[in-house]
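# A structural walkthrough
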Amino acid sequence: MFGTLKAFAFVAATLSASVVLGAATTADGGVIITLPPRSTDVGIKKVPDAAHPYIAPGPNDQRGPCPALNTLANHGYIPRNGIASFEQILAGTREGFNMDRDLAGFLAGFSMMARGNAFLNKLSIGSVSPQIPTVPGAIDGPAPPGGIAKHDRFEGDVSMTRQDFNVGDDVHFQIDLFDEFLSAVEQFGDDNALHGPKSIVNMKVMQEFKFQRFQESQAADKTVSFHSSRIASSYNEAAFILTFFANGTDGLLSKQALTSIFQNQTFAPNWFRRSSPGTFDFIVDTAAEILAPHTIQPGANVNGVYVLDPPDNSCNAAYSDFVLNNLPHTLNNVTQPTFKKNIQTLLSIVATPFGCPELLPAGPVGQ
């Protein structure tokens, strides 16, 4: 199990920082969140190694809608119980998938504020956990954080292998949707001497399958929500799968590797992580290429009719939507020193890859 990276920022003397189990704990009971330096271990390597065998999750271990995080937890690249700190998620995604720090920082940082406890630096990759209490002051409502599996804010409609929230099971793997994915591979995929005909997931597969899933959701879900941030996360997810799930030895994503991670939540045999870090810009550019043949405008179904969102003239529509509509405005009112410092740290981390002026949360509470 990966421990928290031992890289600590300067903390004001009033916080009385001390080292406990690899985390900087403070006088007010919180845990300091820090952005670690970029790793120099950025080359190709076999995953998993001997120190990270597959162990099926137990009945109390958290798992959720993200096959990558589930797989990392099953191999101990992040805590096997599915409760992770910001630093542990960065370490695990780097070691397992060679994800660049700023991309992982955005994903983990936003999720921590939206669905975790940023005071204690704890995030469930699944649902509500007794290990993660309500945030101080109940600033996001009286219930404990819902974890990544909770609908909206981050995970949402038009998933590749989960149903929409208002249609069915939006958390657990749906074999019928995955079969549609495999059918797209059989129709549009590439042939390969090792894996056979129509065995490689390529750009065309992703372009057509993603649009198919949007059409299905739009038809089945009268309240489907596909605003700017959800379009970004949905298509970035597709880009992540196409590029991070591919074997680093040849850059190809086989049906075998796809099935291993999605259905079995384990790495395929003889699988290697990519040979260079996957950056935020790389994923955004790949997502744009996936979206290009079938452009979808941000909007939502209202009584079964897709209504477009008003034009957005901000620095970046997705970034604005993430922060202004999906992070509770009460994060601005935090007073505990550790909690306040962590929110400031995470807001900066989330803004950085977009290259936009930092925005303050303005979303609803308890969403």
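Described below are features of the structure shown in this document. (Residues numbered from 1 in each chain as written. Predicted model: local features only at pLDDT ≥ 70, side-chain atom pairs only at ≥ 80, totals over all residues. Heavy atoms only, no water.)

### As for the nonpolar core
Condition: What is meant by a nonpolar core is a set of buried Ala, Val, Leu, Ile, Met, Phe, Trp, Tyr and Cys residues, joined one to another through side-chain atoms within 4.5 Å. Relative accessibility under 20% of the residue-type maximum defines a buried residue, over 50% an exposed one, and the middle range a partly exposed one, all with a 1.4 Å probe and only protein chains included. It only takes one pair of heavy atoms within 4.5 Å for two residues to be counted as in contact.
By size, the foremost hydrophobic cluster in this structure holds 88 residues, and its most contacted members are Phe-97, Phe-181 and Phe-245. If near-sequence neighbours (up to four positions away) are discounted, Phe-245 is found in contact with Pro-67, Ala-68, Phe-97, Phe-240, Leu-253, Ala-257, Ile-261, Phe-262 and Trp-271.

### Regarding the side chain of Ser-234
Convention followed: Each helix is a run of H or I in the DSSP string that is no shorter than four residues. Each strand is a run of E no shorter than two, and both are numbered from the N terminus.
The topology assignment puts Ser-234 in helix 6 (residues 228–244). Residue classification places Ser-234 among the buried positions, given a relative accessible area of 0%. Discounting residues that sit within four places of it in the chain, Ser-234 has contacts with Val-158, Lys-210 and Phe-226.

### Some remarks on the sheet that holds strand 5 (residues 190–192)
We count it as follows: Two strands are said to pair when DSSP picks up at least two bridges between them. Interaxial angles span 0 to 180 degrees and are taken between N-to-C directions of axes, which are lines fitted to C-alpha atoms, for helices over the stretch in contact.
Overall, antiparallel pairing links the 3 strands, which are arranged 5-6-8 in an open sheet. Each having just a single partner strand, strand 5 and strand 8 (253–254) make up the two edges of the open sheet. Across 2 bridges, the pairing between strand 5 and strand 6 (residues 196–201) is antiparallel. The residue of strand 6 that forms the bridge with Asn-192 is Gly-196. Each of strand 5 and strand 6 is contacted by helix 4 (residues 175–188), which is oriented at about 120 degrees to strand 6, the strand it contacts most.

By themselves, these figures tell us nothing about what the structure is for.
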